[in-house]
Amino acid sequence: MMVDAKLVSDAGTIVQQISLFPEVTVKNVERTLMILEKYPFMKILMRDYEDNEHELFMTDVEGETARRYADEDTHADKTPNAVIYREKRKAIYLEYKIYTRSVERACSLILDPEVRKAIHYRFIEGHRYKDAILFFRRSMSEATFNRKINEGVKTIAHSLLMFGVLDREWNY
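As the structure is a computational prediction, the values presented were derived from the model and not from experiment. (Residues numbered from 1 in each chain as written. Predicted model: local features only at pLDDT ≥ 70, side-chain atom pairs only at ≥ 80, totals over all residues. Heavy atoms only, no water.)

### Overview of a negative patch on the surface
- Together, Asp-48, Glu-50, Asp-51 and Glu-55 make up a negatively charged patch on the protein surface.
- Along the chain, the position of Asp-48 falls in helix H1 (residues 26-62).
- We classify Asp-48 as partly exposed; its relative accessible area is 34%. (Patch = residues over 30% accessible without salt bridge, like charges linked within 9 Å, V, L, I, M, F, W, Y side chains within 5 Å. Areas by Shrake-Rupley, 256 points an atom, 1.4 Å probe, with all protein chains shown as cover. Salt bridge = Lys/Arg side-chain N within 4 Å of Asp/Glu carboxyl O. Lys, Arg positive; Asp, Glu negative; His and termini not counted. Charge placed at Lys NZ, Arg CZ, Asp CG, Glu CD. Helix = DSSP H or I, 4+ residues; strand = E, 2+ residues; numbered from the N terminus. Buried < 20%, exposed > 50% of the residue type's maximum accessible area, 1.4 Å probe, protein only.)

### Examining the nonpolar core
- Residues Ile-35, Val-103, Ile-119, Phe-145, Ile-149, Ile-156 and Leu-160 are the most contacted members of the largest nonpolar core, which totals 31 residues.
- Only H1, helix H2 (78-108), helix H3 (113-124), helix H4 (129-136) and helix H5 (142-163) provide two or more residues apiece to this core.
- Apart from residues no more than four positions distant in its own chain, Val-103 is found in contact with Ile-35, Leu-36, Tyr-39, Ile-124 and Leu-160. (Core = buried A, V, L, I, M, F, W, Y, C linked by side-chain atoms within 4.5 Å. Contact = heavy atoms within 4.5 Å.)

### Some words on the side chain of Arg-31
- Position of Arg-31 relative to the elements: it lies in helix H1.
- Although Arg-31 is buried, it makes no salt bridge; Asp-167 carries the closest opposite charge, 6.5 Å away.
- At 3.1 Å, the side chain of Arg-31 and the side chain of Tyr-99 are in polar contact.
- Within the local environment of Arg-31, its side chain forms a polar contact with the backbone oxygen of Leu-166, the two atoms lying 2.5 Å apart.
- Setting aside its immediate chain neighbours within four residues, Arg-31 contacts Tyr-99, Val-165, Leu-166, Asp-167, Arg-168, Glu-169 and Trp-170. (Polar contact = N/O pair within 3.5 Å; in protein donor to acceptor, adjacent residues only side chain to side chain.)

### Comments concerning the pattern of salt bridges
- Inspection of every chain in the model, using the stated rule, returns six salt bridges.
- Measuring nitrogen to oxygen at the nearest pair gives 3.1 Å for the salt bridge that ties Lys-148 to Glu-114. Here Lys-148, found in helix H5, pairs with Glu-114, found in helix H3; they are 34 residues apart in sequence, far enough to count as distant.
- A relative accessible area of 14% places Lys-148 in the buried class.
- Taking the relative accessible area as the measure of exposure, Glu-114 reaches 39% and is therefore partly exposed.
- Look at the salt bridges and you will find they share partners, linking Asp-112, Glu-114 and Lys-148 into a network.

### Some words on H3
- Burial in H3 covers these residues: Val-115, Ala-118, Ile-119, Tyr-121, Arg-122, Phe-123 and Ile-124.
- Between a side-chain oxygen at the N-terminus of H3 and the backbone nitrogen of Glu-114 the separation is 3.0 Å; the capping residue is Asp-112.
- Looking one or two places after H3, you find Gly-126, whose phi comes out positive at around 80°.

In structure tokens, the structure reads:
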């Protein structure tokens, strides 16, 4: 719960007004928009990691990728460096999994079917803004589409805030 303000009652006592649900800020909306823009890229990288995890590790061990992990390394430790790369890839994969599943869950919670469809087409399927406008031009005007997208982004931001996703530190 969040404390919004302190109020003074008629009796002179201080009363705190609380809000059950956190308020979505401009920063939350901007972060949500960044996550939505990265969503298709995250899905592609996750799929590639799932399909090629072993091959990526073997390339690190046998190739030159893991020769020197950091510039200050004075000698090559390929196998330990390959393990570091593998663990880093896995951490990125798990982070992306949290974000993508949370976005999918938040999208499914959008009540208005037009908003859900616009968000899905634009961000989940990864179409450009221009293509989305052209796709929806028969059913809604550009201004209406923009309102639907803004409404959907705010709804997703609220859900991600409730899930605790927007409070996470973005490392990748």
